[in-house]
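# Report on the structure
Spelled out from the first residue to the last, the chains are:
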Amino acid sequence: METVITRFPPSPTGSLHIGGARTALFNWLFARHHGGKFVLRIEDTDVARSTEESTRGIFDGMEWLGLEWDEGPYYQTQRLDIYKEYLQKLLDMGHAYYCDCSPDELDARRKEAMAEGRKPKYDGRCRDRGLGPGPNRVIRFRCPDSGTTVLNDLIKGPIFFDNAELDDLVLQRSDGIPTYNFVVVIDDVTMNITHVIRGDDHVNNTPRQILIYQALGAPLPQFGHVPMILGQDKAKLSKRHGATSVMAYKAMGFLPEALVNGLVRLGWAHGDQEIFSREELIQYFSLENIGKSPSVFNLEKLLWLNAHYIKESEPHTLVPLLKPFLEKRGYPAKPDGYVGEAVRTLQTRVHTLEEMADGMKFFLVDDVEYDPAAAKKFLTPTMQEAFDRLIPVFESMEVFNEENLEKAFHQIVVTEMGLKLGKVAQPVRVALTGGTVSPGLFEIIGVLGKETVLKRLKRALEHMKSQ
RNA sequence: GGUCCCAUCGUCUAGCGGCCCAGGACACUGGCCUCUCACGCCAGAGACACGGGUUCGAUUCCCGUUGGGACUACCA
């Protein structure tokens, strides 16, 4: 069996977005599953809209998601000679011809046809004029005007197109740059692509491409058209649906494995399984399990997945990923080991690294800021006695760890003072964190350390006295 | 308008004629756990778009209707 070769051909006219990333992921998985190759190709023939910045953004996104390519990146603008060669072939064989209809004329005729209820397709008036090259001339493909073209789609099954519906598409613009539908075929042919997996917004382009393959006498690859990802309003995902760029998710504190897991489940399933490691994905992935209907992107589920991966991570692996978020907030730098301990206390409580950075503030700043409402409610004069008794015990504690802390706390509050644990826990929490919500009290005391804990407890005591 | 695609809980989906008065997950509601918040656990509510066929039997097959989407460029 021949080696599977897939490709991802983004056009660098914007950042790598969710839909493109999923297409890339599917192609990558398909190649990996079959032990084949994955090619990256930059489709930059739209010179006016292509930017280097977008190209870099695409690389960054692919790298972040871990979708390494085996070949490329190829740039179409560097392959112009190849296209010229094939174009000449088509011209020589009579499958293509020059046309000098201006865009304005075309536009007018299109409108006219629409108004009269006719198909707004090119009327083929330059087909047999035998025009040669010249300024302001494009090259068109001569489409057969009868017959049927069949697309045997791996995902959707056979789809039939009437050739009469297709028109003579432009292969080369008047500026000499070839167009997408032509170039994509030449690239896929010359790069020996065996499987073209792409969004189903390309379905209607496929018969034209198949016709070009046939005109060239080139073997057809297998096609698999994946249903689109839609926004909440069920329309094609676009900027107005909020964050669509992959890197925006990185900036929001998502882990790449969460995004990969979330993306792959949009359209693809393996029974009831929700969580997949990269290895499992490679092992299980197949086109047969891709659904036919479009899916709506759902942030809630992605948040849950992210929370899951944060929970499952080793705390120290999260530290370097978290740092940029900490720095952005201007927190004082602390040793990695300490940050790792703080991370551990927050893992089950956050959905993103952003939330984690926010929730970590009291571990890192020198003096906590009291939430006014919390201070008013819990740092009351009646709590003085408990704090007065807690401080010396903590102070004299030899081994300042979670277990001893909890024992001592329980002894004083419950046994000696006859109070419920919660009665004193909340005031202590406010003293240490400034607020009423935090990880377990003894966990944070253990991480914060004796010195800081005593300092904050004493400060809270002063605060109570001044009430 | 034309061509093409699609249709299971709010969302992602399982289902490939009887195992389904439809299963899982997120979100939601209630409870348990508990020093707060989470996590975790248990329970609950929630869908086969509609109408015809085919069949002993349709969520599953066929047709139509409706609804949604894509394409219809000298964009990709």
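Here's a quick rundown of the structure.

Reading guide: rules and limits
- Residues numbered from 1 in each chain as written.
- Chains lettered and ligands numbered in written order.
- Predicted model: local features only at pLDDT ≥ 70, side-chain atom pairs only at ≥ 80, totals over all residues.
- Heavy atoms only, no water.
- Near = heavy atom within 4 Å.
- Polar contact = N/O pair within 3.5 Å; in protein donor to acceptor, adjacent residues only side chain to side chain.
- Helix = DSSP H or I, 4+ residues; strand = E, 2+ residues; numbered from the N terminus.
- Nonpolar A, V, L, I, M, F, W, Y, C, P; charged D, E, K, R; others polar.
- Salt bridge = Lys/Arg side-chain N within 4 Å of Asp/Glu carboxyl O.
- Buried < 20%, exposed > 50% of the residue type's maximum accessible area, 1.4 Å probe, protein only.

The subject of this paragraph is the protein's contact with RNA strand B. Surveying the vicinity of RNA strand B reveals 62 residues, the closest of which are Asp46, Arg173, Gly267, Thr348 and Arg349. A breakdown of the atoms of RNA strand B within 4 Å of the protein gives sugar and phosphate a share of 70%. Interatomic distance of 3.1 Å between a side-chain N/O atom of Lys119 and a sugar or linking oxygen of RNA strand B. Looking at the surface near RNA strand B, the elements that each hand over two or more residues are α4 (103–115), β5 (138–141), β7 (157–162), β12 (295–296), α10 (299–312), α18 (421–433) and α19 (441–448). Its residues placed into classes, the surface near RNA strand B shows 21 nonpolar, 19 polar and 22 charged.

Considering all chains together, one arrives at 35 salt bridges under this definition. Asp107 serves as the salt-bridge partner of Arg110, at 3.9 Å between the closest nitrogen and oxygen. Taken together, the positions of Arg110 and Asp107, both in helix α4 and three residues apart, correspond to about one turn of that helix. On the basis of relative accessibility, which here comes to 40%, the residue Arg110 falls in the partly exposed class. Asp107 gets classed as partly exposed once you look at its relative accessible area, which sits at 33%. The salt bridge partner of Lys111 is Asp107, with a shortest N-O separation of 3.1 Å. Of this pair, Lys111 and Asp107 both sit in helix α4, four residues apart, which is roughly one turn of the helix. Taken together, the shared-partner salt bridges connect Arg7, Arg41, Glu43, Arg79, Asp187 and Asp188 into one network.

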